[in-house]
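Here's the letter readout for the chains.
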Amino acid sequence: MSAELAIDKFSAPGEGLQVIGAGAGRTGTTSLKLALEILYKKPCYHFDTITKEQNFHHAPLWTAIYKGLSRDFHPLMDGKACAVDWPASYFYKELMEAYPEAKVVLTTRDADAWYTSTVKTIYAFKKEVGPLWLARIPGAPLHKVVGMATTVLWEGVMEGKMEDKEAAKARFLQLNERVKEHVPAEKLLVFEVKEGWEPLCKFLGKEVPDVPFPNSNDTAEFRATIETIKKIAFAIPCVLVLLIVVAILVVIFFVDV
């Protein structure tokens, strides 16, 4: 079956998305997610929706969308007012078609700072967790997430360029420029989260909340998660070996008795 025929079988996406984040991961997308949830009082889609919220079944759905086998965003966006961060942000064009009333926010930052942050966190997840046996069990959560991220983000969005700093930075800037070229100016806000509430609320037609703008820097948490997974991957085989040794010793003891 061709991709075109497969696409026609899928249902149209649902309504409701108000804001589409077109910025790459590690451009303040977590802070923007929290800010949009304050403004709209509804959940915002983010990579954390897959991982922290344990919607691991979303990973293959994103892979299918990337491969052109689906245009059905409804199972992913149902109940969400906004969508930011990778992988959703890469499909801003498709999301604009699915939700034509939505506005687009392009989060950005200095390219060097973006690259450093990405290499320490989400790309480190691929490099350090991807090779572990826990991530190689077909159908397991880590296998789904690492597989999707490798296909859609690192080989797709970044075109396999993350090992080359200058090439990765150039790709990052290229992606930002493409958003500016594609999205009509009246529907686009180019935004750095350090700017705070004022430009975001003005663009979205919202009152400025009487709370500080969220400032989420989750690098330490991300690194801690990676290290925890690595420890678990090391500990489980050790425990199994220990149990086997104990079982053998018990058998030998009773046989001798």
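Residues numbered from 1 in each chain as written. Predicted model: local features only at pLDDT ≥ 70, side-chain atom pairs only at ≥ 80, totals over all residues. Heavy atoms only, no water.

- The protein chain is annotated in an unreviewed UniProt entry as Sulfotransferase from Cymbomonas tetramitiformis.

## Examining the sheet that holds strand 3 (residues 82–83)
Then, number 1: Spatially, five strands are ordered 2-3-1-4-5 in an open sheet, and the strand pairing comes out parallel. Two strands in the sheet have a free side with no partner beyond their single neighbour: strand 2 (44–45) and strand 5 (188–191).
Then, number 2: Examined bridge by bridge, strand 1 (residues 19–21) and strand 4 (residues 103–107) share three bridges and lie parallel to one another. The partner of Gly-21 across the bridge, within strand 4, is Val-105. (Pairing = 2+ DSSP bridges. Helix = DSSP H or I, 4+ residues; strand = E, 2+ residues; numbered from the N terminus.)

## Topic: the packing of helix 4 (residues 58–66) against helix 9 (residues 141–157)
Then, number 1: At a minimum axis distance of 8 Å, the contact between helix 4 and helix 9 shows a crossing angle of 30°. Between helix 4 and helix 9, the angle is such that the two are roughly parallel. Seen along the crossing, helix 4 lies across helix 9 with a hand that is left-handed. On helix 9, the residues that touch Ala-59, Pro-60, Trp-62, Thr-63 and Tyr-66 of helix 4 are Lys-144, Val-145, Met-148, Thr-151, Val-152 and Gly-156.
Then, number 2: Considering only residue class, the contact of helix 4 with helix 9 consists of seven nonpolar, three polar and one charged. (Axes fitted to C-alpha atoms, helices over the stretch in contact; angles between N-to-C directions. Parallel < 35°, antiparallel > 145°, perpendicular 65-115°, else oblique. Left-handed = near helix turned anticlockwise from the far one by under 90°. Contact = heavy atoms within 4.5 Å. Nonpolar A, V, L, I, M, F, W, Y, C, P; charged D, E, K, R; others polar.)

## As for helix 2 (residues 29–40)
Then, number 1: The terminal C-alpha atoms of helix 2, which comprises twelve residues, lie 16 Å apart, in line with the 16 Å expected from a rise of 1.5 Å per residue.
Then, number 2: For helix 2, the buried fraction is high: nine of the twelve residues fall into the buried class.
Then, number 3: Looking at the packing, one finds that the buried side of helix 2 touches strand 1, strand 2, strand 3, strand 4, strand 5 and helix 11 (197–204).
Then, number 4: Two residues or fewer after helix 2 comes Lys-41, characterised by a positive phi angle close to 55°. (Expected span 1.5 Å × (residues − 1). Buried < 20%, exposed > 50% of the residue type's maximum accessible area, 1.4 Å probe, protein only.)

## As for the environment of Glu-195
Then, number 1: Topologically, Glu-195 is positioned in the loop between strand 5 and helix 11.
Then, number 2: In this structure the C-alpha to C-alpha distance between Glu-195 and Phe-213, which are 18 residues apart in sequence, comes to 9.2 Å.
Then, number 3: There is a polar contact of 2.7 Å between the side chain of Glu-195 and the backbone nitrogen of Glu-192. (Polar contact = N/O pair within 3.5 Å; in protein donor to acceptor, adjacent residues only side chain to side chain.)

## A closer look at the pattern of salt bridges
Then, number 1: If you walk through the whole model with that rule in mind, you get ten salt bridges.
Then, number 2: Two residues, Asp-112 and Lys-165, come together in a salt bridge whose shortest N-O distance is 3.7 Å. One end of the pair, Asp-112, is in helix 7 (residues 111–120); the other, Lys-165, is in helix 10 (residues 165–182), with 53 residues separating them in the sequence.
Then, number 3: Residue Asp-112 is classed as partly exposed on the basis of its relative accessible area, which comes to 33%.
Then, number 4: Taking the relative accessible area as the measure of exposure, Lys-165 reaches 36% and is therefore partly exposed. (Salt bridge = Lys/Arg side-chain N within 4 Å of Asp/Glu carboxyl O.)

## Points about unusual backbone geometry
Among all residues save glycine, negative phi is the norm, and among peptide bonds the norm is trans.
Then, number 1: Cis geometry is found at the peptide bond from Trp-86 to Pro-87, where omega equals 0°.
Then, number 2: Here Pro-87 shows up in the loop between strand 3 and helix 6 (92–98).
Then, number 3: In the Ramachandran plot, Gln-54 falls in the positive-phi region, its phi being about 60° despite a non-glycine side chain.
Then, number 4: Here Gln-54 is to be found in the loop between helix 3 (47–50) and helix 4.
Then, number 5: Given a relative accessible area of 58%, Gln-54 falls into the exposed group.
Then, number 6: The backbone of Glu-159 sits at a positive phi, close to 55°, despite the residue not being glycine.
Then, number 7: Considering the arrangement of structural elements, one finds Glu-159 in the loop between helix 9 and helix 10.

## Some details on the pairing of strand 4
Note on strand geometry: in a regular strand, side chains alternate between the two faces of the sheet.
Then, number 1: Burial runs high along strand 4: four of the five residues are buried.
Then, number 2: Sheet analysis places strand 4 next to strand 5, joined by four bridges and oriented parallel. In the sheet register, Val-105 faces strand 5, and the bridge partner there is Leu-189.

## With respect to the packing of aromatic side chains
Then, number 1: Evaluated as defined, the whole model comprises ten aromatic pairs.
Then, number 2: Taking 5.8 Å as the distance between ring centres and 90° as the angle between the ring planes, the aromatic pair formed by Trp-86 and Trp-154 counts as edge-to-face. Within this pair, whereas Trp-86 is found in the loop between strand 3 and helix 6, its partner Trp-154 is found in helix 9, the two being separated by 68 residues in sequence.
Then, number 3: Under the relative-accessibility criterion, Trp-86 is labelled buried at 3%.
Then, number 4: An aromatic cluster of three or more residues is present, and its members are Tyr-45, Trp-62, Phe-73, Tyr-90 and Phe-91.
Then, number 5: Across the ring face of Phe-203, the terminal group of Lys-103 is positioned such that the distance to the ring centre comes to 5.1 Å.
Then, number 6: Here the basic side chain of Lys-206 rests over the ring of Tyr-40, its NZ or CZ set 4.3 Å away from the ring centre. (Phe/Tyr/Trp six-rings, centres within 6.5 Å; stacked < 30°, edge-to-face > 60°. Lys NZ or Arg CZ within 6 Å of the ring centre and 35° of its normal.)

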